[in-house]
Amino acid sequence: MKSINKALYVTRPILPSFDSFCEQAKEIWDSGVLTNNGPKVQELERALTQYLKVSNTSVFCNGTIGLLCAIKALDLSGEVITTPFTFPATPHVLSWQGIKPVFCDIEEDTFNLDPQKIEALISSETTAILGVHVFGNPCHIVEIDEIAKKYGLKVIYDAAHAFGVEVSGRGIGSFGDITMFSFHATKLFHTLEGGGLTFDNALLEEKIYSIRNFGIENEDLVSMVGINGKVNELQAIMGLLNLPDIDAKIIERKHLFDKYQDNLDGINGISLHMPVEGIRPNYQYCVIRVDHELFGMSRDDLYEEMKQYNIFTRKYFYPPCYQYTHYREEKAKFPVTEKVSSEVLCLPIYNGLDSVLVKNVCDIIKELSMARV
Ligand SMILES: *Cc1c(COP(=O)(O)O)cnc(C)c1O
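Calculation criteria
Residues numbered from 1 in each chain as written. Predicted model: local features only at pLDDT ≥ 70, side-chain atom pairs only at ≥ 80, totals over all residues. Heavy atoms only, no water. Patch = residues over 30% accessible without salt bridge, like charges linked within 9 Å, V, L, I, M, F, W, Y side chains within 5 Å. Areas by Shrake-Rupley, 256 points an atom, 1.4 Å probe, with all protein chains shown as cover. Salt bridge = Lys/Arg side-chain N within 4 Å of Asp/Glu carboxyl O. Helix = DSSP H or I, 4+ residues; strand = E, 2+ residues; numbered from the N terminus. 1 Å grid on protein atoms, 1.4 Å probe; cavity = no way out; pocket = protein on both sides within 12 Å on 5 of 7 lines; lining within 4 Å. Points joined across faces, edges and corners; volume = space filled by probe spheres on them. Nonpolar A, V, L, I, M, F, W, Y, C, P; charged D, E, K, R; others polar. Buried < 20%, exposed > 50% of the residue type's maximum accessible area, 1.4 Å probe, protein only. Lys, Arg positive; Asp, Glu negative; His and termini not counted. Polar contact = N/O pair within 3.5 Å; in protein donor to acceptor, adjacent residues only side chain to side chain. Contact = heavy atoms within 4.5 Å. Core = buried A, V, L, I, M, F, W, Y, C linked by side-chain atoms within 4.5 Å. Axes fitted to C-alpha atoms, helices over the stretch in contact; angles between N-to-C directions. Left-handed = near helix turned anticlockwise from the far one by under 90°. Near = heavy atom within 4 Å. Sits in = over half its atoms within 2 Å of the grid points.

> Talk me through a nonpolar patch on the surface; I want residue IDs and the actual numbers.
On the surface, Phe-214, Ile-216 and Val-222 cluster together to form a nonpolar patch covering roughly 260 Å² of accessible area. Position of Val-222 among the secondary structure elements: in strand β12 (residues 221-222).

Put into structure tokens, the structure is as follows:
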């Protein structure tokens, strides 16, 4: 059977040329401005606002702190309805602020919040809905918006997977009250570590700026409980150099994704998670579902077997949030999440990945399936 010589991981960060980074860094050395909302950070915010097709962008030291500040900026409290099929950052930012995450089961097609199940979870304590655009597929934005309006709730989206995604030509960050993006090195667009908040309401801009900077409003006034969420100039130039290439990177990833689609086609029990209709996808992830019965092997066994071939896949998202020590709840309440979480597997997809390796990965999956029959 084919084997892969060098360990293959699910992702690898994009990087600008080293020389271009040094050239930009020279400007920072010359100016002596390293941080505190410097010129490169402001330039990055303007560039992102344009690229993401949004009205306002505030960048942060990472996405998690950005999300924490979004919750603070909207004065949320009590309970917030969110998904159990996400990364730990999503529910944890609520808990950090003494807010109870109320988990709502997901739907089978998109792995996103099931809007049919939200209303039953709303109580007198509920202040918001926090949705995640899982693997870049948008939440049911219209339905969530209707529910939020009906009950006077705020809406926040975690778009850590959805950089550059558009819905009918609209930027994904233009929906809800605030949207968070992660610019972590493993995400499509990155600033080493980083994040961003996008929002329509211009009144939020000063508040978010102040929360990001310790709650300092001006030299004489500290008006809020803030935090240090600032971005430094080196992070900003990494972003400014990566951004112009993103469209080309998305096209390159689409080719890799298509190659997976062609080569996985016809393998019994393996289904590729597809972008929904009507969006511009970003191909940040390549996710399959493994049907134990049909494939003849469980997701966990496939994950282990692939390691033997030097392929290190990831179980995103497993375990589901309601199984974390802090949140323990019965799984019976989340049958869809329970199932999806036990069947998903992220395969390697990144810029620079040799498409021959994609074929090899698929061949190995195929041979493993036949070996079990
Ligand atoms: C990566 C990620 C985050 C956290 O972003 P950081 O920038 O690493 O803090 C939050 N939510 C989801 C769904 C993510 O994938």
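> Got a sec to walk through unusual backbone geometry? Specific residues and values, please.
With an omega of -5°, the peptide bond running from Tyr-316 to Phe-317 counts as cis. Along the chain, the position of Phe-317 falls in the loop between β16 (311-312) and α11 (335-343). A cis amide bond links Tyr-318 with the next residue in sequence, Pro-319, at an omega value of -5°. Along the chain, the position of Pro-319 falls in the loop between β16 and α11. Backbone geometry at Phe-111 places phi at a positive 65°, although glycine is not the residue there. Examined against the element boundaries, Phe-111 turns out to sit in the loop between β4 (100-103) and β5 (126-132).

> How would you explain the layout of surface pockets if you had to name every residue and give the values?
Counted as a void, the largest pocket has a volume near 490 Å³. Within the residue set of the lining of the largest pocket, elements represented by two or more residues are α3 (63-73), β9 (178-182) and β17 (344-347). A per-class count over the lining of the largest pocket returns 13 nonpolar, 11 polar and five charged.

> Give me the side chain of Lys-230: which residues, what numbers.
Here Lys-230 is to be found in the loop between β12 and α7 (233-242). Glu-233 provides the closest opposite charge to the buried, salt-bridge-free Lys-230, at an N-O distance of 11 Å. One polar contact links Lys-230 to Asn-228, side chain to side chain, over a distance of 3.1 Å. Beyond its immediate stretch of four places on either side in the chain, Lys-230 contacts Asn-36, Cys-61, Arg-212, Asn-213, Phe-214 and Gln-235.

> Can you lay out the pattern of salt bridges for me, pointing to particular residues and giving the numbers?
As a working rule, side chains carrying opposite charge can pair if their charged atoms are close by. On inspection of all chains with the given rule, the structure shows 20 salt bridges. Between Glu-27 and Lys-40 there is a salt bridge, and its shortest N-O distance comes to 2.9 Å. On the criterion of sequence distance, the pair formed by Glu-27 in helix α1 (residues 18-31) and Lys-40 in helix α2 (residues 39-51) is long-range, its members being 13 residues apart. In this structure Glu-27 comes out as partly exposed when scored by relative accessible area, which is 44%. Note that Lys-149 and Asp-145 form a salt bridge whose closest N and O atoms lie 2.9 Å from each other.

> Account for the nonpolar core, naming residues and giving values.
By size, the foremost hydrophobic cluster in this structure holds 71 residues, and its most contacted members are Phe-163, Leu-264, Ile-288, Leu-302 and Ile-365. Those residues in contact with Phe-163 that lie beyond four places of it in its chain are Leu-48, Tyr-51, Leu-52, Phe-181, Phe-183, Leu-188, Phe-189, Leu-243, Ile-246 and Asn-282.

> With reference to specific residues and values, describe the packing of α2 against α7.
As a packed pair, α2 and α7 sit with axes 8 Å apart at the nearest point and diverge in direction by 35°. Once α2 is placed against α7, the crossing between them reads as left-handed. Between α2, through Pro-39, Lys-40, Val-41, Glu-43, Leu-44 and Ala-47, and α7, the contact on the second element is made entirely by Glu-233, Ala-236, Ile-237, Gly-239 and Leu-240. Looking at side-chain class alone, the contact of α2 with α7 contains seven nonpolar, one polar and three charged residues.

> Lay out the environment of Gly-136 in plain terms, naming residues and giving numbers.
By the element assignment, Gly-136 lies in the loop between β5 and α5 (141-151). Judged by relative accessible area, Gly-136 falls into the buried class, the value being 3%. Put simply, Gly-136 and Asp-75 are 61 residues apart on the chain and 27 Å apart in space, counted from C-alpha to C-alpha. Once you skip the residues sitting within four places of it in the chain, Gly-136 turns out to touch His-161, Ala-162, Val-165 and Ile-279.

> A description of the site of the ligand should follow, citing residues and the corresponding values.
Lining the immediate environment of the ligand, one finds 15 residues, of which Gly-63, Thr-64, Asp-158, Ser-182 and Lys-187 sit closest. Within the backbone of Gly-63, one N or O atom sits 2.8 Å away from an oxygen atom of the ligand. Thr-64 has a polar side-chain atom sitting 2.5 Å from an oxygen atom of the ligand. In isolation the ligand exposes 380 Å². Once the protein is present, 92% of that is buried. Assessed atom by atom at 2 Å from the grid points, the ligand resides in the largest pocket. Elements represented by at least two residues in the shell around the ligand include exactly α3, α4 (89-96) and β9. The class makeup of the residues in the shell around the ligand is four nonpolar, nine polar and two charged.

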